[in-house]
Amino acid sequence: MSGGVEWALHCCVVLTSVEEPVPATRLAELHDVSASYLAKQLQALSRAGLVRSVQGKSGGYVLTREPASITVLDVVEAVDGPDRAFVCTEIRRRGPLAIPPEQCATPCPISRAMGAADRAWREALRAVTIADLMRDVADTSGPTAMSRISTWLSTPEA
């Protein structure tokens, strides 16, 4: 999983704290990350329909859906794509002891194990929403964390 997923998830969570669009540069400043790097993650979220860009002087990014309807898996797939983490290349059909293709009708044990792990991982990410993460912020960062973020994001840049 790329580092962009982490930044995209943080952006989605903090966008729940504001009513108005937040410029990418402001989000980058909040997270102390390169604005151009973060812009790529925000563009991926936009292409996936999770955020939208608002143009103009008061422009920036806003969530397009309720936080409870955006899953962590939605964000992961927006940034990194929907491809499985493991792709079987049928190694058992190679080398001096290669198995003929007709004997490889069933996926090998390694492929089955990795496929099961991928499905479990996706199911776990599908079960957590941006709203869940937002609520957990109070547990780890204190009950005023989201309101402090909202105030900071809503304060015009100096």
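The text that follows walks through the structure, step by step, so that each part is easy to find. Treat the numbers as computed from the prediction; the structure is a model and nothing was measured.

### Section: the side chain of Asp118
Within the secondary structure, Asp118 sits in helix α5 (residues 109-126). A distance of 2.8 Å separates a polar atom in the side chain of Asp118 from a polar atom in the side chain of Arg122. Excluding residues that lie within four positions of it along the chain, Asp118 makes contacts with Arg84 and Ala85.

### Focus on the environment of Arg122
Take Arg122: it is sitting in helix α5. Owing to a relative accessible area of 9%, Arg122 belongs among the buried residues under this scheme. Within the structure, the side chain of Arg122 is placed 3.0 Å from the side chain of Glu77, a separation counted as a polar contact.

### What to know about the nonpolar core
Counting residues in hydrophobic clusters, the biggest one holds 36 residues, and the most contacted among them are Leu15, Leu27, Leu42, Leu45 and Val75. When residues of this core are assigned to their parent elements, the largest contribution, 8 residues, is made by helix α1 (residues 3-15). Filtering out sequence-adjacent residues up to four positions away, Leu27 remains in contact with Cys11, Val14, Leu15, Val22, Leu38, Leu42 and Leu153.

### Details of the pairing of strand β1 (residues 51-54)
Direction of pairing for β1 relative to strand β2 (residues 60-63): antiparallel, over a ladder of 4 bridges. Pairing of Val51 across the sheet is with Leu63, part of β2. Hairpin remark: β1 followed by β2, antiparallel, with 5 residues in the connecting loop; positive phi at Gly56, about 105 degrees.

### Notes on the packing of helix α4 (residues 72-80) against α5
Their axes nearest at 6 Å, the elements α4 and α5 cross at an angle of 120 degrees. Of the residues in α5, those touching α4 at Val72, Leu73, Val76 and Glu77 are Trp121, Arg122, Leu125 and Arg126.

Rules behind the numbers
Residues numbered from 1 in each chain as written. Predicted model: local features only at pLDDT ≥ 70, side-chain atom pairs only at ≥ 80, totals over all residues. Heavy atoms only, no water. Helix = DSSP H or I, 4+ residues; strand = E, 2+ residues; numbered from the N terminus. Polar contact = N/O pair within 3.5 Å; in protein donor to acceptor, adjacent residues only side chain to side chain. Contact = heavy atoms within 4.5 Å. Buried < 20%, exposed > 50% of the residue type's maximum accessible area, 1.4 Å probe, protein only. Core = buried A, V, L, I, M, F, W, Y, C linked by side-chain atoms within 4.5 Å. Pairing = 2+ DSSP bridges. Axes fitted to C-alpha atoms, helices over the stretch in contact; angles between N-to-C directions.

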